[in-house]
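# Breakdown of the fold
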Amino acid sequence: MAKPLTAEQAVFLLQDVYMPVLKAEHRLTKAVLDAVPADQPDYRPDSCAKTAMELVRHIAASENRFLETTINGEFSAAPAAFPESAKTPADFAAWYGTNLKRIVKRSQN
């Protein structure tokens, strides 16, 4: 039977193993969000698919929600609190980047 992690082991895993991976993946995800053309927010490859803008919002919100849930130790079913000024994929990518920096800072406390 595995022993529970100590606080020191958990901090090591978070700061030295998982955060570097998360930061690298974050750069790639942000690049994908930035690459969505602002003039094609309603594009969908199939009638069953979400629009480009729906996918941008979903990706930005779900990753941040997962991280918040992990840090807070609880799941909130409340909708993502995007700024009202966010209208374009670039706006959501910027929010995504800013929010991740805030979350990383909170995880280091």
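Residues numbered from 1 in each chain as written. Predicted model: local features only at pLDDT ≥ 70, side-chain atom pairs only at ≥ 80, totals over all residues. Heavy atoms only, no water.

### Some details on the packing of aromatic side chains
For any pair of aromatic rings, the description consists of the separation of the ring centres together with the inter-plane angle of the planes. To keep things clear, this is the line we draw: Centres within 6.5 Å are what make two rings of Phe, Tyr or Trp a pair, Trp counting through its six-membered ring; a difference in plane orientation under 30 degrees is then read as stacked, over 60 as edge-to-face, and the rest as tilted. The numbering of helices and of strands both runs from the N terminus, where a helix is a DSSP run of H or I of at least 4 residues and a strand a run of E of at least 2. Burial status follows relative accessibility: with a 1.4 Å probe on protein chains alone, a residue under 20% of its type maximum counts as buried, one over 50% as exposed, and anything between as partly exposed.
A complete count under the given rule lists 2 aromatic pairs for this structure. On the basis of an interplanar angle of 85° and a centroid distance of 4.9 Å, the ring pair of phenylalanine 82 and phenylalanine 92 is categorised as edge-to-face. Of the two residues, phenylalanine 82 sits in the loop between α2 (52-72) and α3 (89-107) while phenylalanine 92 sits in helix α3, which places them 10 residues apart along the sequence. A residue is classified by how much of its surface remains accessible, and phenylalanine 82, at 17% relative accessible area, is buried.

### As for the packing of α2 against α3
How we decide: Angles here are taken between N-to-C directions and fall from 0 to 180 degrees, while the axes themselves are lines fitted to C-alpha atoms, restricted in helices to the stretch in contact. Angle categories: roughly parallel below 35 degrees, roughly antiparallel above 145, roughly perpendicular from 65 to 115, and oblique for all the rest. By definition in these notes, contact holds between two residues if any of their heavy atoms fall within 4.5 Å. Each residue is assigned to one of three groups, with Ala, Val, Leu, Ile, Met, Phe, Trp, Tyr, Cys and Pro labelled nonpolar, Asp, Glu, Lys and Arg labelled charged, and all others, Gly among them, labelled polar.
The N-to-C vectors of α2 and α3 enclose an angle of 5°; their axes lie 10 Å apart at closest approach. When the interaxial angle is binned, α2 and α3 end up roughly parallel. Contacts from Met53, Val56, Arg57, Ala60, Ala61, Glu63, Asn64, Leu67, Glu68, Ile71 and Asn72 of α2 reach α3 at Pro89, Phe92, Trp95, Tyr96, Asn99, Leu100, Arg102, Ile103, Arg106 and Ser107. Partitioning the contact of α2 with α3 into residue classes produces 12 nonpolar, 4 polar and 5 charged.

### Some remarks on the environment of proline 89
Among the structural elements, proline 89 can be located in helix α3. By relative accessible area, which is 1% here, proline 89 ends up buried. Once the C-alpha coordinates of proline 89 and leucine 67 are considered, the two residues, 22 residues apart in sequence, prove to be 21 Å apart.

Any link to function would need more than the numbers given here.
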